[in-house]
Amino acid sequence: MTPYEIRRLFTIAHERAVRFRTERDLWPQSPRQNYAACRADFDAALPEDPVPPEEVIAELADRAERGLQMSTGPRFFAWVIGSSHPVGVAADMMVSAWGQNTGNHQAAPSASAAETVTAKWLLELLHLPGQASVGFVTGATVANMVCLAAARGEVLRRAGWDADSQGLFGAPPVSVLIGDDAHTTVFSALQFLGLGHDRVVRVATDAQGAIVPAAFASALAEVSGPSIVILQAGQINTGACDAFATLIPLAHGKGAWVHVDGAFGLWARANPGTFALTEGMEQADSWATDGHKWLQTPYDSGFAIVKDEVAHRRAMTIAASYLPMTAEGERDPTHYVPELSRRARGFPAWAMIKALGRSGIAEMVNRHCTVARSMAQALAREPGVAVLNDVVMNQAIIRFGADKDVAEGDAITQKTIARIQQDGECFAGGARWRGQQVMRLSVIGFDTDEAEAERSVAAMLRAYRNVRQSG
Ligand SMILES: *Cc1c(COP(=O)(O)O)cnc(C)c1O
C-alpha cells in the first residue's frame, strides 16, 4: 500500500473510533442488534478475491457498530468491565500500528522496557513485594493460571518432584484449598493445570462470600504434603475480601503456597480509603489481577504477579529457566507468560498509570466505591427493593420484589432487568446469589460519577415500578 492509501485507511478507522467514543449519548446503551442478528449480518460466503481496503474497514465498522455494548460509557454496570479509557485506547492504536512482537528484549526493545518499568510501578501501586515478577497476560483467567502453575511447580519441587519437566504423572498429590465463592475462572485455571476443577477442598464462606476462618483452619488441619491455598480479593457479586491477615499465616504455617485472585479487588490497595480490606495480602506468594477492569486499559490486559521470580520463570519457560536474568538485567517478556508472540501490552498499561497517576487511581477507586454505596442506598429506599450484600467495594447486588416469595421475586427481578436493558438509559445485568435472582451492579466505568449514578438509579426505579404496575 502507498503512504497515501495507508493514511486514508487509518483516517477512516480513526474517524469511526472517534465517532463511537464522542457521540456515545446518541447511541442506545444496549446493543441495537443481538448476536443472532449480528451473525446473520456478518454471514457470507468465504471471499474469493481481494476487496479494497477502505471498503473492508467501512463495512466492518457498519456491521460491528450494530452490535456494540456501551461498556465504554458511564452508565454501564453489567459484569465487571472497565471502560477502555481513551488514553489506553490511543496507546493501543499505536501498539497495533507498531506491530511489535513482544517476546524478548531484542525483538521489541521499547515494548520490553515499558513492561519492565510498568511492572515496577504496579508493585508499588498495589503495595506488593518489590522483588516480585510480573507477566503481562490477557486477563485474570490466564493470570490465575500462570500464578498457579508457579505454585504447582514450587510446592512439588519442595517435595522433591520436578513437575515442569516430569509433569504430574507419579507426582505426590497436591492439596488445593479454595473458597466456595471463588470465581469460576479460577476453577478453569486448575482444570488447565491438571489439578482438576473438582479435585479441591472447597472451604465454607460467610454471607458475603468470604472464607470462614474457622472452617479454613479445620480444612487446613486435614492437609499434609504439597498444598496450595487460593484466596480472593473482590468477590464478583459482593466485592468481599478474605481475611488475609488471619488466613495467610495459617496457610504458611502448613507450608502452603498462597495465591490471591484479585481481578478487580487488588486495586482496593491503590486507594487509602479501601486499603484495609486487603490488609495482610502482601504476605501471599502470588496475585492475579486485571488491567482491563479497574486500571481501565483496553482489552486485553492482565497481570500475573509472583513473589518468587525463579518459580515464575520455571513454570513458564524451558530455556534457561534455572538461570538468573542476564548480567545486564534484561527482562524478556516471554519468561513470565505462556505466549511467545503477543502484542505489546505494557504500552497501554504504562500509559494508563502515567495518565492517572497514583492519586488519580486512588480517586477513581474511591469514587466508584462511594457511588456503589449511594446507588445501593437509593435503590433500597424503594419499597420492595433490597440490597443483598454489604457494599464494601464497588459491587452491589439488588433484589427486586424482595417483599414477595422467591419465585415471584425472581420473576420481578428478571423482568426489571429486561426492562432496564430495553429502555436503554443505562445497562445492568443479572446474576444468581444464594439461590436467588439478583441484578448485579459493578461501578467500574472511568466516567461513572454521582450524577450518572442518579440518572441510572432513576431509570432502574422507573423500570421496576413499571414491572410492578403491569403485573
Ligand atoms: C473478572 C474476574 C476474573 C476473570 O478475569 P478475566 O479478565 O475475565 O479473565 C477472575 N476472577 C475475578 C474475581 C474476576 O472478577
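It should be emphasised that the depicted structure is a prediction, and the values quoted were computed from it without experimental measurement.

J.: It is not clear to me how the packing of aromatic side chains should be interpreted in this structure. Could you clarify?
T.: How two aromatic rings sit relative to each other is given by the distance of their centres and the angle of their planes. Summed over the entire model, instances satisfying the criterion amount to nine aromatic pairs. Relative to Tyr-464, the ring of Phe-400 has its centre 5.2 Å away and its plane inclined at 35 degrees; by these criteria the two rings are tilted. Here Phe-400 is found in strand E9 (residues 395-400), whereas its partner Tyr-464 is found in helix H14 (residues 450-470), with 64 residues between them in sequence. For Phe-400, a relative accessible area of 0% corresponds to the buried category. Through a chain of ring-to-ring contacts, three or more aromatic side chains come together here, namely Phe-76, Trp-79 and Phe-427. The positively charged end of Arg-367 is found above the aromatic ring belonging to Phe-446, 5.6 Å away from the centroid. Seen from the ring of Trp-433, Arg-434 lies directly overhead, with NZ or CZ sitting 4.1 Å from the centre.

J.: For this particular structure, what's the right way to read the domain arrangement of the protein?
T.: The extent of an interface is frequently quoted as the accessible surface area lost upon association of the parts. Segmentation of the protein into domains returns domain 1 (3-68) and domain 2 (93-352). Using only C-alpha atoms to locate each centre, domain 1 and domain 2 end up separated by 36 Å.

J.: Help me understand the site of the ligand in this model?
T.: As a matter of local geometry, the ligand sits amid 14 residues, with Thr-141, Asp-261, Asp-290, His-292 and Lys-293 nearest to it. With respect to the ligand, the side chain of Thr-141 contributes an N or O atom lying 2.6 Å from an oxygen atom. Between the ligand and Lys-293, the relevant distance is 2.8 Å, taken from an oxygen atom to a side-chain nitrogen or oxygen of the residue. If the ligand stood free it would expose 380 Å²; the protein chains cover 86% of that surface. Its residues assigned to classes, the shell around the ligand comprises four nonpolar, seven polar and three charged.

How each quantity is defined
- Residues numbered from 1 in each chain as written.
- Predicted model: local features only at pLDDT ≥ 70, side-chain atom pairs only at ≥ 80, totals over all residues.
- Heavy atoms only, no water.
- Phe/Tyr/Trp six-rings, centres within 6.5 Å; stacked < 30°, edge-to-face > 60°.
- Helix = DSSP H or I, 4+ residues; strand = E, 2+ residues; numbered from the N terminus.
- Buried < 20%, exposed > 50% of the residue type's maximum accessible area, 1.4 Å probe, protein only.
- Lys NZ or Arg CZ within 6 Å of the ring centre and 35° of its normal.
- Domains from an automatic or database assignment.
- Near = heavy atom within 4 Å.
- Polar contact = N/O pair within 3.5 Å; in protein donor to acceptor, adjacent residues only side chain to side chain.
- Areas by Shrake-Rupley, 256 points an atom, 1.4 Å probe, with all protein chains shown as cover.
- Nonpolar A, V, L, I, M, F, W, Y, C, P; charged D, E, K, R; others polar.

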